[in-house]
Amino acid sequence: MSRDATPPPAAPRLSMRMRRALWVWGFLALPVLFYGVIRFYPTLDAFRLSFTDWNLMSAPKYIGLENYRRMLAEPEFWQVFRNTFAYLVLGTPISLLLSFTVAYFLDRIRFGHTLMRALYFLPYITTASAMAWVWRWFYQPAPTGVINAVLGDLGLAQMDFLRSTTWALPSIMVTAIWAGLGFQVIIFMAGLRSIPTTYYEAARIDGVGEWAILRRITLPLLKPTTVFLVVFSSIGFLRIFDQVYNMTTNDPGGPLGSTKPLVLKIYQTAFSSYEMGYAAAQTVVLFTILLLVSLGQLWALRKR
Amino acid sequence: MADITLNRLVKTYGRAEVIHGIDLAVADGEFVVFVGPSGCGKSTTLRMIAGLEEVSGGEIRIGGRLVNEVDPRQRNIAMVFQNYAIYPHMTVRQNIAFGLYTSKLGKTEKAAKVEEAARMLDLTALLDRRPAALSGGQRQRVAIGRAMVRDPAAFLFDEPLSNLDAQLRAQMRIEIKALHRRLGTTIAYVTHDQVEAMTMADRIVVMKAGHILQAGAPMEIYDRPADVFTARFIGTPSMNVLPVAGEGAGLAAAGAGAPLLAGVRPQALRVGAPEEEAALSLTGPVTAVEPLGPETLVHFTVAGQGLIATAPPHETPGIGAEVTARAARGQVHLFDPATERATGRA
């Protein structure tokens, strides 16, 4: 049969534009539905609930700004607020500095590179609660706790890691930093690898030293990676929960609320006290903080 | 200013030797172009001179000083890379000034040097721009500027024009050559483009598989190629090389196993040239014609081998027609078929 015999295709009923739009929205339908129902609706509903008094049983009762007023007047809220920012302002810079240092040197070694990288990444794929319990065991008094046992052997004083209102928060933060380190190292290494080697070769020929290369070339060119990690890690520390909850199960957020972050407070308000309206108000505060901190960081680290 | 000497220079990667003991002396102020196909070792040689690759054997001397174990920064050379290697987060001014990062000059002297380099390279109006806002040619000029401000003993260029389009490349060839005339600094330049080699070099170094095949002035290499590879690599279109038998004016195409290889440049193999004076006559059917304006390239086959001849612009033979092209006496290069080395002319 010759090709000429085939009839020309009938003109489609829909225009090309329409057909494309149908395809696009066809594929987008599922994620749109998911985000709409599972994510955006509850988020928006939290704003509404924050103006109500609701214990899950009776119908929510509108009480205006009462929840917010109560929050500002409550000393525990301010303690939680301080704790949350302590996690943020200590955790983010320390973890980024550590992970960059590890990535910078790991990038230069060839021998055992893959093994080392895997070892650093391992904590990231480990269950947070399992990890928290192992660290909790590390922190126990001697002879159970490894760290205190070593301190004892060295003739040093014992540390009340998780039972001290001073040291509990830093102790938990160490765990949290260690847990996230692998991910940050991997991302930093990808960023380092994406810098063309001729930049370094040109600098070496120009006689620029290692430190100046790091400061003048590597760090500026790594900025997109750093911005991503600063925002990502900040959100992580502002939302810290697993490590705290699992390492202080006897008195979650203790001792005396000294380690309690905002998310744990919200959890307790909602699911121990069943004060849904009050919990929603705290959620709105957390949401606002996350938004402001992220926007602030993006602004501070913007392209100039 | 300095001369560069390579002595039995060897480079090995693991057990693979890629540079097989090459010797070369680059005179002070000379513009030497290393040319060859990819993987011939020309870039590796340049990178060894720069100090970016370790020397596995032999020695490199810059200005008489043995530099095998000397850090790149202490060799007082400057290098320009194929991808420019100018920093996207710095302005043109900062990029050029970066060449002076370790210099002990004062601030005003540094600024003056940057201004001077910018003026020479016609970059003055662009000094406060970022590289993203520059064209490829401008970026390469910035890279040259960064190299220039250091007053190095020698410039090393690693395929600096390969990322540019043909027109810009032609322009940059002239600019780099003019720059060399003005500065008089020794230049070692690597390219795979034989046109760049021919047009810019004081001396061309033809490399293949880690060996130097021939080093000489452009026209010397063009007129007296030492072997078949060099003969075919330099000049466009490539020289025709075919097996021939006979002697003197009696050369004739022959099959494989013939006692000689004859090389004739397409420009010397003329369609319809007079029979007397001819050293070699070749007849065969035309397979393609390419009118170039001033002349026409005629592709034809003799004994199954494709050859290229030239014809006057308006006397183009038809496809399939039999043509006879002749090379005048003195225009035929003869090579030994076993060694492929040049043996003389006919």
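Residues numbered from 1 in each chain as written. Chains lettered and ligands numbered in written order. Predicted model: local features only at pLDDT ≥ 70, side-chain atom pairs only at ≥ 80, totals over all residues. Heavy atoms only, no water.

Novice: Just checking my understanding: could you explain the overall build of chain A for this structure?
Specialist: In terms of regular secondary structure, chain A is built from 13 helices and 2 strands. In summary, chain A has a C-alpha radius of gyration of 26 Å against a globular reference of 19 Å for 304 residues, an excess of more than 25%. Its C-alpha atoms put chain A at 95 × 70 × 45 Å along the principal axes. Per-residue burial over chain A gives 40% buried out of 304 residues. Carbon and sulfur atoms provide 70% of the accessible area of chain A, an area that totals close to 18,200 Å². Charged side chains of chain A number 27 positive and 15 negative; the gap between the two group centres comes to 11 Å. (Helix = DSSP H or I, 4+ residues; strand = E, 2+ residues; numbered from the N terminus. Rg over C-alpha atoms; globule rule 2.2 N^0.38 Å. Buried < 20%, exposed > 50% of the residue type's maximum accessible area, 1.4 Å probe, protein only. Areas by Shrake-Rupley, 256 points an atom, 1.4 Å probe, with all protein chains shown as cover. Lys, Arg positive; Asp, Glu negative; His and termini not counted. Charge placed at Lys NZ, Arg CZ, Asp CG, Glu CD.)

Novice: Help me understand the interface of chain A and chain B in this model?
Specialist: One frequently used descriptor of interface size is the decrease in accessible area upon assembly of the parts. Listed by partner, the interface residues are 19 residues for chain A and 24 residues for chain B. Across the chain A to chain B interface the summed buried area is about 1,900 Å²; carbon plus sulfur atoms make up 58%. Looking at the side of chain A facing chain B, the largest losses of area belong to I205(A), D206(A) and R216(A), adding up to 34% of the total buried there. Salt-bridge contacts for R146(B) lead to D206(A); the nearest nitrogen and oxygen are separated by 3.5 Å. Taken together, chain A and chain B are joined by 8 residue pairs in polar contact (both at pLDDT 80 or more). (Contact = heavy atoms within 4.5 Å. Buried area = accessible area lost by both parts, 1.4 Å probe. Salt bridge = Lys/Arg side-chain N within 4 Å of Asp/Glu carboxyl O. Polar contact = N/O pair within 3.5 Å; in protein donor to acceptor, adjacent residues only side chain to side chain.)

Novice: Before we go on, may I ask you to explain the sheet that holds strand β3 (residues 31–35) of chain B in this structure?
Specialist: In any sheet, the strands associate via hydrogen bonds between backbone groups, in a parallel or an antiparallel arrangement. Residue and element names in this part refer to chain B. An order of β6-β7-β8-β3-β9-β10 is seen for the 6 strands of this open sheet, with the pairing classed as mixed. Among the strands making up the open sheet, the edge pair consists of β6 (77–80) and β10 (211–216). Ignoring which end each strand starts from, the neighbouring axes of this sheet average 15 degrees apart. Sheet topology places β3 next to strand β8 (residues 186–191); 5 bridges connect them, and they run parallel. Its bridge partner lying in β8, V32 is registered against A188. (Pairing = 2+ DSSP bridges. Axes fitted to C-alpha atoms, helices over the stretch in contact; angles between N-to-C directions.)

Novice: Please clarify how a nonpolar patch on the surface should be interpreted in this entry.
Specialist: Residues and elements named next belong to chain A. A surface patch of nonpolar side chains, amounting to about 710 Å² of accessible area, comprises L115, L119, L122, Y124, I125, F228 and F232. Taken together, the elements giving at least two residues each to the nonpolar patch come down to α4 (113–121) and α10 (223–238). Turning to its location among the elements, L119 is positioned in helix α4. (Patch = residues over 30% accessible without salt bridge, like charges linked within 9 Å, V, L, I, M, F, W, Y side chains within 5 Å.)

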